[in-house]
Amino acid sequence: MTGETGSAIGRDMTENPPFSPALLPAGFVDLLTPDARTQAQSVAVLMDVFTSHGYDPVRPPLMEFEDTYLAGAGAALAEQGFRVMDPDTRRMMVLRPDITPQVARMAGTRLSGVPRPLRVSYAGECVVVAPVAAEESGRQIMQAGIELIGPDSPEADAEVMSIGAEALSRLGVRGVSFDLTMPPFIPALLEEAGVPQAERPALLRALDRKDAASVAEHGGALAATLIALLDASGAAEHAVARLMEITLPERAEAIVRRLVATVGALRERCPGLSLTVDPVEFRGWKYHTGVCVTLFAQGRSEELGRGGRYRCNDNEPACGLTFRPDVLCRLIPAAPPRPRVYLATDCDHAQAAELRARGHATIGGFLSGTQAVEEARRLGCGFVLSGADCVALT
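An account of the accompanying structure is given in this report. Being a predicted model, the structure only gives us computed values, none of them experimental.

1. Comments concerning the pattern of salt bridges
If the charged atoms of two oppositely charged side chains come close together, the side chains can form a pair. Counted according to the given criterion, the structure contains 23 salt bridges. For the salt bridge of Glu 237 with Arg 267, the shortest nitrogen-to-oxygen distance reads 2.7 Å. Here Glu 237, found in helix α10 (residues 236-243), pairs with Arg 267, found in helix α11 (residues 250-269); they are 30 residues apart in sequence, far enough to count as distant. On the basis of relative accessible area, Glu 237 is assigned to the partly exposed category, the value being 44%. Salt-bridge contacts for Glu 245 lead to Arg 242; the nearest nitrogen and oxygen are separated by 3.7 Å. According to the relative accessible area criterion, Glu 245 is exposed, its value standing at 61%.

As structure tokens, then:
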């Protein structure tokens, strides 16, 4: 009897280790300084660039009613949203996995009477059921972005992307590549070519793997065209030249023409931008309906951001770009702290306010004299303000 009890206790202790107050759910982390400081300053830089181009900030709520959020553009994100029940209304709510559908809702409701083009920017936290990329483990993610609502033109697409390029430049992110895709293109091409539904999955898998041999095997009469499209992937100028040589059905050709026009409009704004095109890429775009873009940095696999053309909840055309500040912060130096000044008990508070206005951080102290100096060093301060004199510590 004693032995069995002891064994049960041992199993229980193994399966239920003591709870640690530092333990967090999988995919959630504490962000500490300097990382938190770097992210806050990076978001401030992004928002400053956005607002300088007339993209006014909005702040949608962290949670919405499920049937509201999952209408329109948000419907494609149903599997990524955490649900909770509202104790007041007994209706299900969803923690937003993406801010763009909220902007789409606002555009069709609260902002429906605002003159178009409507330009808005945003920054905030999102929570996803699964990490947004295979190489990531986080489920709480930061987003910052812009949405241009109303115009439907290559120039509008180019405006959004060029502002993104400017924002990355301001942050100091180097070696950035803008990769353009056309998610509706391949589905439209297969449909117009009359490829049977039963044959499409194998063909799509082959295109996804960029496997020309499998494309030739499953492509039938369309195989030569699809292989030519595979060969068109690469630098934008190469892709455009090859795409213009390929004969396509009407709908597919219209999508290609829009891509080509967008490349031209973007080149006018950003001549030196690294720009690539993948005509057969169709994965990962849930609610987008036109030309899309994914941003990468040289030597890195994770996405810096993504965006593209979609339609708001009232079917209004829109184009947006969303950054991942948590990813961007891994590509730039940590934001430097403010110089820290220890305030002795006899400090001149007007002088302390002046130091803060000049960019210093003042640390309220409770000591004076030599004790203040020792305390300042212990707290990482480089200066001590005693009376009106600010003395640098050596």
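2. Quick notes on the state of the cysteines
As enumerated under the stated definition, the model contains zero disulfides in all. Cys 126 takes part in no disulfide bond, and the closest cysteine sulfur, belonging to Cys 329, lies 16 Å away. You can call Cys 126 buried: its relative accessible area is 0%. There is no disulfide at Cys 292, and the cysteine sulfur nearest it, in Cys 319, is 8.2 Å away.

3. Points about the side chain of Thr 362
Inspection of the secondary structure assignment puts Thr 362 in strand β14 (residues 361-364). What makes Thr 362 buried here is its relative accessible area of 18%. A polar contact is formed between the side chain of Thr 362 and the side chain of Arg 356, at a distance of 2.8 Å. For Thr 362, the contacting residues outside a window of four places in its chain are Val 341, Leu 343, Ala 352, Leu 355 and Arg 356.

4. Brief notes about the packing of α10 against α11
Running from amino to carboxyl end, α10 crosses α11 at an angle of 150°, the nearest separation of the two axes being 11 Å. Considering how the two elements wind past one another, α10 and α11 form a crossing that is left-handed. Contact residues: Ala 236, Glu 237, Val 240 and Leu 243 in α10; Val 256, Leu 259, Val 260, Val 263 and Arg 267 in α11. A breakdown of the residues in the contact of α10 with α11 according to their chemical character gives seven nonpolar, no polar and two charged.

The rules behind these values
- Residues numbered from 1 in each chain as written.
- Predicted model: local features only at pLDDT ≥ 70, side-chain atom pairs only at ≥ 80, totals over all residues.
- Heavy atoms only, no water.
- Salt bridge = Lys/Arg side-chain N within 4 Å of Asp/Glu carboxyl O.
- Helix = DSSP H or I, 4+ residues; strand = E, 2+ residues; numbered from the N terminus.
- Buried < 20%, exposed > 50% of the residue type's maximum accessible area, 1.4 Å probe, protein only.
- Disulfide = S-S within 2.5 Å.
- Polar contact = N/O pair within 3.5 Å; in protein donor to acceptor, adjacent residues only side chain to side chain.
- Contact = heavy atoms within 4.5 Å.
- Axes fitted to C-alpha atoms, helices over the stretch in contact; angles between N-to-C directions.
- Left-handed = near helix turned anticlockwise from the far one by under 90°.
- Nonpolar A, V, L, I, M, F, W, Y, C, P; charged D, E, K, R; others polar.

Don't take any of this as a statement about function, it's just geometry.
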